[in-house]
Amino acid sequence: MPFFTKANSVASPKPKGRKEKRKANFSREGKAANRLKRRRTDVHRGDEEIESSSSCDEEQLNQIKKFKPEDSALLDSDEEHETAQEKKERLAKEYIKELEDLKAAAVADPDDEEQHSVSMQQQLRNDVLKASGKLHKKVAQNYAPPENHTISILHCKKFQHKTITCIAINPVDCSIFSASLDGSIVKYSITGERLGLIKSFHQDPKESKPRHKGAVFSLAVSSNGKYLASGDNVGMILVWNARTLEYVDKLKRHMQAVMGLVFRQNSLSLYSCSLDRLVLEWDLENMAFVDNLGGHSCGVLGIDALYRPSCITVGGADETVNVYAIEDDKQFQFTSKQVSIDGVKLLNESTFLTHGQDGSVCLWSTNRKRPLQHLKVTHGYIAPPSPEPHWVTAVAALVNRDLAASGSGDGSIRLWRVDIQAHKLFALQRIPIPAGFVNSMEFTPDGTKLVAAIGRTHKQGRWFVNKKAKNCVIVINLMTLKQLRVDGNGLAADDEGSSDEEETTNESEAGIDNNSDEGFDGEGSEDEADIASDIEQPSDEPDDASHGSESNNEEANEELDAEDSYDKSDRREEIGENAAEERPTRKRRSLVLPKPKRR
């Protein structure tokens, strides 16, 4: 061992054979080649950086040369440097100018009576109330009696031979979409013409694009009429082009059947609810999932939304209603004594309706945890001797108006007048329809038509089957008193002087109001027969007691409210005075005290 070798160093073993020597030589050559490559790439990168920096400098110089002093005025415009208050004033002036242009166009068009009757101040007030969800128009009394309404039937026997489960109306062109248990979707025009068809997977297995393989339980159309969303029994949400019915995208997050879909007004935010007890938010502008809002203790059966970034859902058997305030990240819960809350509809941002399997319809306000009014057995009983009522299977509401409708399996649709100030529902009309179960209903945006989906069974199960019914979509053309006056077919000479907002019969309103807590009687009862005769067979000559004007009804309601506003002490005093007057007068006997005994 040589003296200059370190003790701790270990000499590398020398290659003994030819193969080992070749491997060592190749490894040395490879390392040297890699070093050269690294040096070359570093030099090339540096050249690229120098070239890119020089090109950027040239572009900046060209922009500076091309820059003109007039462009500085565009950059320093008023919109760039205006304050928030100045921006509000500018937008307000632009909006007022648009309204003035509309008013000038209405003056040029003498047929547009609606624009003539509304002033500028009233139009601004209505727009503000509509944006805040507080606008409420009274239109319920403008509709003609039910015998003047016409019904058209739409059906597609070849592809929708099973029960129709849901419908949706495009707010742009009022086209109708219907879905069924066989997984197909059919598009109709409002006049009844079939415009398109989306077949299910089993109806056309050769098609490569995704389609529904099972029952479709929910439909929704965006407010701009661009997208159609459909949800099926396996938790799949498919998005279609509402105009061409072409496939766009699919949204998968739910694990069970999607029972409800709704778009927020004037946006592409989609809310969905499912039997997996979840409520989800989607953004169709990016076709992406946004947030999980929460859910119920049971499957979520209904959902609805309007202009605000919030939605309302019902939990079925858990007897609760949840309101999700998304911006505030809060959740409000309401409870009811309904057997199962199967659906919900918003009248405005603060008032809504629910329906259940016990045949009841409830009126709610977001300011109270309990319903304002609970109407029981609104559609009668299944059979007069049986205690089971007809289930209320669908409810529709005309947004920001006082008109609502409810459907069941009794062969009729009931129209209701909603008095928000009095917190009550009043029976308006009963429209006879073809036999079957009303699984879904919706008004057109202008309120002139009511569209309903009729099926042989309920959309969720075969608890009841009506073999005489046909699976179809019906369109009810709701006639107004104004249209009847124009046609000259409906009103007598005495009714020409009455206003369009004529109230319904006081007797029917009083009867329903008094029995609101007890409910309606069965179909074979006397009260129900009286109500049916009053609605279906109105007399030609109006009676003073039944067909009073609006002023008489208002005076009567004021008197009733005044009587109800008495305190208990006042009532006790009145009862005491009446009792004192009715008692027979008796002579008062003087008390004679016994004389004290002498001791």
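Please read these numbers as outputs of a predicted model, since none were measured by experiment. (Residues numbered from 1 in each chain as written. Predicted model: local features only at pLDDT ≥ 70, side-chain atom pairs only at ≥ 80, totals over all residues. Heavy atoms only, no water.)

Novice: Just to check I follow, could you spell out the overall build of the protein chain for this structure?
Specialist: Summing up its helical and strand segments, the protein chain has 11 helices and 28 strands in all. The proportion of buried residues among the 599 residues of the protein chain is 40%. Residue pairs in contact within the protein chain that sit at least 24 positions apart in sequence constitute 49% of those at least 6 positions apart. Of the roughly 36,600 Å² that the protein chain leaves accessible, carbon and sulfur atoms contribute 49%. (Helix = DSSP H or I, 4+ residues; strand = E, 2+ residues; numbered from the N terminus. Buried < 20%, exposed > 50% of the residue type's maximum accessible area, 1.4 Å probe, protein only. Contact = heavy atoms within 4.5 Å. Areas by Shrake-Rupley, 256 points an atom, 1.4 Å probe, with all protein chains shown as cover.)

Novice: Is there a simple way to explain the packing of aromatic side chains in this structure?
Specialist: Each aromatic ring pair is characterised by the separation of its centres together with the angle its planes make. Tallied over the full model, the rule gives seven aromatic pairs. Ring centres 6.3 Å apart and planes at 75° place the aromatic pair F334 and W364 in the edge-to-face group. Separated by 30 residues along the polypeptide, F334 in strand β17 (residues 330–335) and W364 in strand β20 (residues 361–365) bring together distant segments of the chain. The pair F334 / W364 is uniform in exposure class, with both members buried. For the pair W391 and W463, a centre-to-centre distance of 5.4 Å together with 50° between the ring planes defines the contact as tilted. Here W463 lies in the loop between β27 (449–455) and β28 (472–477) and W391 lies in the loop between β21 (373–375) and β22 (394–397), a separation of 72 residues in the sequence. Of the residues examined, W391 reaches a relative accessible area of 14% and is grouped as buried. (Phe/Tyr/Trp six-rings, centres within 6.5 Å; stacked < 30°, edge-to-face > 60°.)

Novice: Explain the nonpolar core here, please?
Specialist: Soluble globular proteins tend to bury their nonpolar side chains together. The biggest cluster of nonpolar side chains holds 23 residues, and the ones touching the most others in it are I413, M441, F443 and L450. For this core, the secondary structure elements donating two or more residues are β22, β23 (403–407), β24 (412–419), β25 (424–432), β26 (437–443), β27 and β28. For I413, the residues in contact, after removing those within four places along its chain, are A405, S406, Q429, R430, I431, I433, V438, M441, L450, A452 and I476. (Core = buried A, V, L, I, M, F, W, Y, C linked by side-chain atoms within 4.5 Å.)

Novice: Looking at this model, I keep getting lost on the sheet that holds strand β4 (residues 185–188). Mind explaining?
Specialist: Within a sheet, adjacent strands bond to each other through the backbone by hydrogen bonds, running parallel or antiparallel. One open sheet accounts for four strands, arranged β2-β3-β4-β5; its pairing is antiparallel. Every other strand in the sheet has two partners, leaving β2 (164–169) and β5 (194–198) as the edge strands with one partner each. This sheet shows a mean twist of 20° between the axes of neighbouring strands, independent of strand direction. When β2 meets strand β3 (residues 176–180), the two strands line up antiparallel, connected through five bridges. Across the sheet, I167 pairs through a bridge with S178, a residue of β3. (Pairing = 2+ DSSP bridges. Axes fitted to C-alpha atoms, helices over the stretch in contact; angles between N-to-C directions.)

Novice: Can you walk me through the confidence of the model for the protein chain in this structure?
Specialist: Caution applies to low-pLDDT regions: their predicted coordinates should not be interpreted in detail. In the predicted model, the protein chain carries a mean pLDDT of 76, and 64% of its residues have values of at least 70. Counting interchain partners and residues more than four positions distant, the pLDDT-below-50 stretch residues 48–54 has zero contacts. In the predicted structure, residues 64–77 sits below a pLDDT of 50 and forms four contacts with residues beyond four places in sequence or in another chain. (pLDDT = per-residue confidence, 0-100.)

Novice: Which parts of the structure should I look at to understand the pattern of salt bridges?
Specialist: Side-chain pairs of opposite charge can arise whenever the charged atoms involved come near each other. Counting across every chain of the model gives one salt bridge. A salt bridge links R90 to E94, with the nearest nitrogen and oxygen atoms 3.4 Å apart. Linking R90 with E94, this pair stays in helix α4 (residues 84–108), spanning four residues, or about one helical turn. (Salt bridge = Lys/Arg side-chain N within 4 Å of Asp/Glu carboxyl O.)

Novice: How should unusual backbone geometry be read in this particular structure?
Specialist: Backbone geometry at N266 places phi at a positive 60°, although glycine is not the residue there. In this fold, N266 is placed in the loop between β10 (258–263) and β11 (269–274). A positive phi angle is found at V377, which is not glycine, with a value near 50°. Among the structural elements, V377 can be located in the loop between β21 and β22. Judged by its relative accessible area of 8%, V377 falls in the buried class.

Novice: How should I be thinking about the environment of L478 in this particular structure?
Specialist: Inspection of the secondary structure assignment puts L478 in the loop between β28 and α7 (481–487). L478 gets classed as buried once you look at its relative accessible area, which sits at 1%. With residues up to four places along the chain from it excluded, the contact list for L478 reads Y143, H149, I431, F443, G447, T448, L450 and Q483.

Novice: Whenever I open this one, the sheet that holds strand β7 (residues 227–232) confuses me. Can you help?
Specialist: With antiparallel pairing, the four strands of this open sheet are ordered in space as β6-β7-β8-β9. In the strand order of this sheet, the two ends are held by β6 (216–221) and β9 (247–252), each with one partner. Averaged over neighbouring strand pairs, the angle between their axes works out to 20° when direction is ignored. In this structure, strand β8 (residues 236–241) lies alongside β9, joined through five bridges in antiparallel fashion. Paired with W240 across the bridge in β9 is Y247.

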